[in-house]
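# Examination of the molecular architecture
Listed here are the chains, written in short residue letters.
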Amino acid sequence: QEEVNLRNIAALLALSPAVASRRLGPEAPLVMFGIVEDRRDNDFAPSASTTRIARAPHGAPDKLRQILLGIPKATALSWEDFSQLGEDGEMAAAILEAAIKRKARGINILLHGTPGTGKSAFASVLAARLGLHALFVGESVNAGEEPDRQQRVGALALAQKLSSRMERLLLVVDEAEDIFVGVDDSRGADRRGAKVFMNNLVEGNPSPTLFISNHPGRLGQAVLRRMTYALEFPNLDRSARARIVRRAATRHGLALSQGDVHALACLDAPPALSDHVLRAASLCDAGTAAALRATSSVLKVMDRRPISRESPKAEFHAAFACADEDLDHLTEKVVVSGRTDISMCLSGPPGTGKSAYARHLAGRMGLEVVEKRASDLLGMYVGQTEQNIATCFREAETKRAFLIFEEADSLLRDRATARHSWELQQVNEMLTWMERHPFPFACTTNFGVSLDPAAARRFLFKVKFLPLGRAQARALFRHTFSIAPPLRLDTLSVLTPGDFALVARKAEVTGDRDPDFLVQALAAEMEGRPDAVNRPIGFLPISSAQ
């Protein structure tokens with residue numbers, strides 16, 4: 001691959017230097033298609049692909065096709081592993097199928113999302129579903145070396161020319177932002193090659209092309225306008241992650257229990273990461289604990305929450321919940337309806353089970369939970385809170401998850417009491433998103449009366465949670481401590497499930513299971529709440545159970 005100077009090339013071909021220069025210009029086919037490389041200072045050389053073709057054995061068409069077009073990528077994932085894409089995935093498949101059937105030109109689909117969400121694997125899965133050959137172009141040059149931008153552009157241009165003579169071919173360009181750098185006007189100084197050429201590369205391609213990008217904004221408006229469809233990849237839902245974990249475990253010879261699969265699926269890990277850690281666990285004969293630890297360590301540096309979404313939280317038991325609605329009946333009606341545009345305001349004293357019920361309902365609806373506290377959303381800069389609110393609604397919509405706002409009174413406080421304009425703006429932002437959000441959400445609050453009146457009109461269901469009734473308190477005492485409740489428990493009038501949970505944890509630490517101690521501890525928790533009745537607890541002479 002020694003360089004040859006332009007004057008020598010002209011002399012060898014009996015051309016004038018001017019003609020040779022035009023034919024080897026940056027927009028000429030020899031250079032743009034990656035057949036010849038411009039080494040600068042009027043020096044040129046055959047490209048790595050050209051050299052590999054020249055050295056390829058005769059009578060090896062498959063080898064020649066690999067050199068020119070790239071190598072298909074295999075994936076262990078299936079169409080079902082991308083269920084979170086829903087109608088968007090089906091739409092992309094329908095567009096490609098119609099384009100192939102009608103030989104339509106200029107069909108481009110953008111696959112975008114955060115790294116590790118399975119975009120490249122989906123390209124292979126999509127091609128397999130439609131019976132197409134997915135070829136990833138411009139990913140390596142000679143001996144697997146990393147290509148530069150010019151080589152990638154040339155590989156794509158050449159693949160497009162050759163693909164016009166091939167059947168059922170799907171071109172795939174990964175890291176697409178690399179080849180379109182500077183094409184848009186805003187970065188014209190960085191551009192090499194004509195903008196018109198680059199636009200035509202997208203607009204006139206004879207075979208459908210998938211462009212994959214982690215940063216679609218970097219492609220520029222001129223390129224984005226030429227996309228036929230844009231498919232966003234959210235983080236995988238739990239059921240999809242579970243399927244991927246099972247497949248990866250089988251592939252690497254790991255025997256996982258249902259509990260192991262559930263524990264790993266509860267981590268918000270990309271498919272590639274799940275595969276890597278299970279492979280590592282298999283290599284070192286380690287179990288699920290090692291895989292969980294490895295996954296968490298990588299999620300931490302990826303700036304994702306490394307702990308399980310299913311971290312210990314209060315469970316919901318309908319028998320130990322008290323509300324002004326029949327919660328079992330309400331749950332069944334919501335689930336049977338199949339509707340997702342469900343909104344709820346769950347108000348009541350602390351510990352009455354508001355958040356636990358919201359999570360229970362999400363589970364019954366088969367949805368993951370996106371749970372946000374006010375502290376997660378409130379920002380110190382003007383406009384930051386509104387941006388955080390919009391982001392969390394978009395996150396829930398992308399994941400098709402059940403969105404739960406804790407301490408919603410901090411976000412929906414009555415605007416009549418506002419002292420600053422930013423307080424009005426954050427309430428307005430919440431109300432706007434609540435009005436149009438297509439998936440379930442619930443707002444929990446200990447201070448329902450402080451909510452803005454306009455918020456009430458945006459809640460389909462408004463449920464007030466109450467302290468336990470006397471019979472419920474006795475039943476929960478028996479359920480929690482596995483001993484009969486003493487009579488004096490009846491003197492505590494505003495107990496909540498949260499009180500019992502906290503006292504149970506305290507008893508685990510102290511080891512004290514005496515009924516009088518437990519009742520006294522419950523009384524202390526009850527008295528510490530602002531809603532507690534200010535009255536003497538009272539003592540009965542008989543402490544035995546009824």
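Up top is the structure.
So, here's what we can say about the structure.

The rules behind each value
- Residues numbered from 1 in each chain as written.
- Predicted model: local features only at pLDDT ≥ 70, side-chain atom pairs only at ≥ 80, totals over all residues.
- Heavy atoms only, no water.
- Core = buried A, V, L, I, M, F, W, Y, C linked by side-chain atoms within 4.5 Å.
- Buried < 20%, exposed > 50% of the residue type's maximum accessible area, 1.4 Å probe, protein only.
- Helix = DSSP H or I, 4+ residues; strand = E, 2+ residues; numbered from the N terminus.
- Contact = heavy atoms within 4.5 Å.
- Pairing = 2+ DSSP bridges.
- Salt bridge = Lys/Arg side-chain N within 4 Å of Asp/Glu carboxyl O.

### Thoughts on the nonpolar core
Among soluble globular proteins, nonpolar side chains are generally buried collectively. Core analysis: the biggest nonpolar cluster contains 33 residues, and Phe 82, Ile 109, Leu 111, Phe 122, Leu 126, Val 172 and Leu 210 have the highest contact counts within it. Residue assignment for this core shows that the elements contributing at least two residues are helix H6 (87-102), strand S4 (108-113), helix H7 (119-130), strand S5 (133-136), strand S6 (169-173), strand S7 (209-213), strand S8 (229-233) and helix H11 (238-251). The element contributing the most residues to this core is H7, with seven residues. Setting aside chain neighbours within four positions, we find Phe 82 in contact with Leu 77, Thr 117, Gly 118, Ala 121, Phe 122, Val 125 and Phe 233. Grouped together as the second largest cluster of nonpolar side chains are 25 residues, Leu 411, Leu 412, Leu 431 and Phe 441 included.

### A short note on the sheet that holds strand S3 (residues 43-46)
With antiparallel pairing, the three strands of this open sheet are ordered in space as S1-S3-S2. On the outer flanks of this sheet lie strand S1 (4-5) and strand S2 (36-38), each paired with one strand and no other. When S2 meets S3, the two strands line up antiparallel, connected through three bridges. Within S3, the residue paired with Asp 38 across the bridge is Phe 44.

### A few points about the pattern of salt bridges
Using the criterion set out here, one finds 18 salt bridges in the structure. Its salt-bridge partner being Asp 376, residue Arg 373 comes within 3.5 Å of it at the nearest N-O pair. By relative accessible area, Arg 373 is classed as partly exposed at 45%. Judged by its relative accessible area of 34%, Asp 376 falls in the partly exposed class. Linking Arg 413 and Asp 409 is a salt bridge whose minimum nitrogen-to-oxygen distance equals 3.8 Å. Assessed through its relative accessible area of 38%, Arg 413 is described here as partly exposed. For Asp 409, a relative accessible area of 7% translates into the label buried.

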